[in-house]
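Architecture at a glance
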Amino acid sequence: MYRQQVVIIGSGLGGLSCGVILAKNGYKVTVLEQGIQTGGCLQCFQRRGAKFETGMHFIGSADEGQPLDRLMKYLEIRKDITLSPLDKNGYDVIRLNGKEYRFANGRDAFIDQLAMAFPHERKALEEYFDTIERVASASALHSLQFSKTDTALNTEYQMRTVNEVIDSIISDPLLRKVLVGNLPLYAGEKDKTPFSTHAFITDFYNQGAYRIVGGSESIATSLVSTIESYGGCVLKKQKVKKIVTDDEKALGVETSEGQFFPAEVIISDTHPMRTLEMIDSKQIRPAFRERINAMPQTVGGFSVYLEFQEDSMPYMNYNYYGYEGDSPWNCEHYDWLSWPKGFLYMHFCHEPSPHYAKTAVILSYMQMKDVAPFRCSEPFKRKDGYKEFKQEKAEKLIDCVEKQLPGLRSHIKHYYTSTPLTYLDYTGTEGGSMYGVAKDVNCGIANRVPHKTRIPNVLQTGQNINSHGMLGVIVGSIVTCSELLTAEHIYRQITNSK
């Protein structure tokens, strides 16, 4: 017998993870997806038979017994996906001032690798890495060690910026910049982004970095299948336009086609601004709406998706971060002469241990204001000049990569592009931002999105709850579902999963 009927708005990783957790525990789950494809940023797409990733390009901490491995087993994903390891001696390669620096997996290897370039900073690197591990393990949910939460340490490093902490440990100015070379993974901003965000990301990938063979859409497919196996359903082309409420609680949701889905619990896996747009209730106070609407968003992204000539581009099993200037910081601040200041370049893994890459993506920052003139009132429609704008920027970005990786152009067969407008239309994230609401120590608690709303049976999940990325979103799903099941109950189930 089902406990309660749950409607989940959106089929991104957060919504589908909540769906699995609750369906496994007897709730009757219905997931409503506005698009024709499930998965949110887990989606892949194809052009001329070539396949591309849109968001979840690689994952970490997936070795046997590590946090994500345990969570994937609990969500019944692990059996359905194949992982291909990135280079353990350099899963991330940072290029600054014409030189390359590699991040190796594991504490000792990470320190040894960077100490070869910065021997005078070995002791400082040890202190830096130990700080990373302390901060990551202080979060019970990130470490999956519920008895070892360190609230004081957690709070301290949520209120100190990345650059403040690194500068206090590392003396060498260049090493300081190298250590933040993977900023595009969280769109970090100087004097704003908390060190805890940097620590979680660094610890996550340092434990073990992998690409998902065939693309991350296999994660969404697995989650949908699991929800259905427990009696739930996932419906596509069901755009929710309204969360229907009375004076006390939500009653259900109404779609743009006028269909009503009754619910005893509603979970929204959309941007919090989109969630509030669906709710017309006095229980949501104007001051709260103003706070949510005033939250800063992470920068948007411009992507160039490359299809290579057959068997021509050797597969690169690491991620490449290239910078035009002498620092990874402030790449989000540019003019059209200085853009792009940096990029992230990654190959798609189409089969286990491929010899040649079939496709790749180049990602660089782009502000919504740069593409806002091309936006139409009708989603997925663009004003004249958009195609030419994208082509100009794509050519410039490819030129930028070509300078650092000579010969790239000779391997390109076709390329395709996306902008913050694409992200806005496909994910509903405000301003087409890469990672939703930006973490900013200067905003304090006002910059945190609650998983509970003022309407008692309306909850939120997704990358804006807790943090983004695969681990962060799943942890946020646990936080959301713990309102119905308790975190301890979910943790016991995770511990018993095989």
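See the structure shown above.
Cut-offs applied
Residues numbered from 1 in each chain as written. Predicted model: local features only at pLDDT ≥ 70, side-chain atom pairs only at ≥ 80, totals over all residues. Heavy atoms only, no water. Helix = DSSP H or I, 4+ residues; strand = E, 2+ residues; numbered from the N terminus. Rg over C-alpha atoms; globule rule 2.2 N^0.38 Å. Buried < 20%, exposed > 50% of the residue type's maximum accessible area, 1.4 Å probe, protein only. Contact = heavy atoms within 4.5 Å. Lys, Arg positive; Asp, Glu negative; His and termini not counted. Charge placed at Lys NZ, Arg CZ, Asp CG, Glu CD. Pairing = 2+ DSSP bridges. Axes fitted to C-alpha atoms, helices over the stretch in contact; angles between N-to-C directions. 1 Å grid on protein atoms, 1.4 Å probe; cavity = no way out; pocket = protein on both sides within 12 Å on 5 of 7 lines; lining within 4 Å. Points joined across faces, edges and corners; volume = space filled by probe spheres on them. Nonpolar A, V, L, I, M, F, W, Y, C, P; charged D, E, K, R; others polar. Core = buried A, V, L, I, M, F, W, Y, C linked by side-chain atoms within 4.5 Å. Salt bridge = Lys/Arg side-chain N within 4 Å of Asp/Glu carboxyl O. Phe/Tyr/Trp six-rings, centres within 6.5 Å; stacked < 30°, edge-to-face > 60°. Lys NZ or Arg CZ within 6 Å of the ring centre and 35° of its normal.

1. Details of the overall build of the protein
Helix and strand counts for the protein come out as 17 helices and 20 strands. Over its C-alpha trace the protein gives a radius of gyration of 22 Å, about what one expects of a compact globule, namely 23 Å for 498 residues. Principal-axis analysis of the C-alpha atoms gives the protein an extent of 60 × 55 × 45 Å. Residues classed as buried in the protein amount to 59% of the 498 residues present. Here the analysis covers contacts within the protein between residues at least 6 apart in sequence; of these, 72% occur between residues at least 24 apart. The average position of the 56 basic charges and that of the 58 acidic charges among the side chains of the protein differ by 3 Å.

2. Quick notes on the sheet that holds strand S12 (residues 250–255)
What the three strands build is an open sheet, ordered S11-S12-S13; its pairing is antiparallel. Each having just a single partner strand, strand S11 (240–245) and strand S13 (260–262) make up the two edges of the open sheet. Here the strands of the sheet are splayed against their neighbours by 25 degrees on average, with no regard to which way each runs.

3. Here we look at empty space enclosed by the protein
Applying the stated criterion across every chain, the model contains three cavities of 30 Å³ or more. Reported here for the largest cavity is a volume of approximately 100 Å³. Glu53, His57, Met346, His347 and Phe348 are, among the 13 residues lining the largest cavity, the residues nearest its centre. At the level of secondary structure, the elements contributing two or more residues to the lining of the largest cavity comprise strand S4 (50–53), strand S9 (209–212), strand S17 (342–347) and strand S18 (359–366). The greatest single-element share of the lining of the largest cavity, amounting to three residues, is contributed by S18. Here the lining of the largest cavity is composed, by residue class, of eight nonpolar, three polar and two charged. Of the voids in this model, the second largest cavity is the one considered here, and its volume is about 80 Å³. For the lining of the second largest cavity, the secondary-structure elements that each account for two or more residues are S17 and S18. Counting residues per element, the lining of the second largest cavity draws most heavily on S18, at three residues.

4. Describing the pairing of S18
Regular strands show a simple pattern: their side chains alternate between the two faces of the sheet. Counting buried residues along S18, eight of its eight residues qualify, which places the element largely inside the surrounding structure. Covered by surrounding structure in S18 are Thr359, Val361, Leu363 and Tyr365 together with Ala360, Ile362, Ser364 and Met366, the residues of both alternating faces. The sheet contact formed by strand S15 (residues 300–308) and S18 spans eight bridges and is antiparallel. Counted as the bridge partner of Phe302 is Ser364 from S18.

5. Description of the nonpolar core
Ranked by internal contacts, the top residues of the largest apolar core, which has 100 residues, are Ile59 and Met470. Sequence-distant contacts of Met470, defined by excluding residues within four places in its chain, comprise Leu13, Met56, Ile59, Leu68, Met72, Ile77 and Ile219. Of all hydrophobic cores here, the second largest spans 34 residues; its members include Phe308, Tyr315, Phe343 and Leu397.

6. Considering the environment of Phe260
Position of Phe260 relative to the elements: it lies in strand S13. For Phe260, a relative accessible area of 41% corresponds to the partly exposed category. Separated by 235 residues in the primary sequence, Phe260 and Thr495 have C-alpha atoms spaced 38 Å apart. If near-sequence neighbours (up to four positions away) are discounted, Phe260 is found in contact with Val244, Leu251, Gly252, Val253 and Glu254.

7. Observations regarding the side chain of Arg274
Here Arg274 lies in helix H11 (residues 272–277). Arg274 gets classed as buried once you look at its relative accessible area, which sits at 19%. When near neighbours in sequence (up to four residues on either side) are disregarded, Arg274 contacts Gly428, Thr429 and Glu430.

8. Some thoughts on the sheet that holds S9
Spatially, S5-S9-S6 is the arrangement adopted by the three strands of the open sheet, whose pairing is antiparallel. At either margin of the open sheet sits one strand with a lone partner, and together these are strand S5 (59–60) and strand S6 (83–85). Here three bridges tie S6 to S9, and the two strands are oriented antiparallel to one another. Opposite Leu83, over in S9, you have Ile212 as the bridge partner.

9. Details of the pattern of salt bridges
Within the structure shown, the criterion is met by 29 salt bridges. Among the salt bridges present, the one from Arg382 reaches Asp425, with a minimum N-O distance of 2.9 Å. Remark: Asp425 occurs in helix H15 (residues 420–427) and Arg382 occurs in the loop between S18 and helix H13 (386–404); sequence separation between them is 43 residues. On the basis of relative accessibility, which here comes to 23%, the residue Arg382 falls in the partly exposed class. On the basis of relative accessible area, Asp425 is assigned to the buried category, the value being 14%. Across the pair Glu392 and Lys393 runs a salt bridge, and its minimum N-O distance is 3.0 Å. You can call Lys393 buried: its relative accessible area is 5%. What emerges from the salt-bridge pattern is a single network uniting Glu64, Asp69, Lys73 and Arg78.

10. Digging into the packing of aromatic side chains
Inspection of every chain in the model, using the stated rule, returns 18 aromatic pairs. Ring centres of Trp336 and Phe389 lie 5.9 Å apart, and the angle between their planes is 80 degrees; on these two criteria the pair is classed as edge-to-face. Remark: Phe389 occurs in helix H13 and Trp336 occurs in the loop between strand S16 (319–323) and S17; sequence separation between them is 53 residues. Residue classification places Trp336 among the partly exposed residues on the basis of a relative accessible area of 34%. Joined through ring pairs, the aromatic side chains of Phe302, Tyr334, Trp336, Trp339, Phe374, Tyr386 and Phe389 make up one cluster. Positioned over the ring face of Tyr318 is Arg102, at 5.3 Å from the centre of the ring. Lying over the aromatic face of Trp336, Lys393 brings its terminal NZ or CZ to 4.3 Å of the ring centre.

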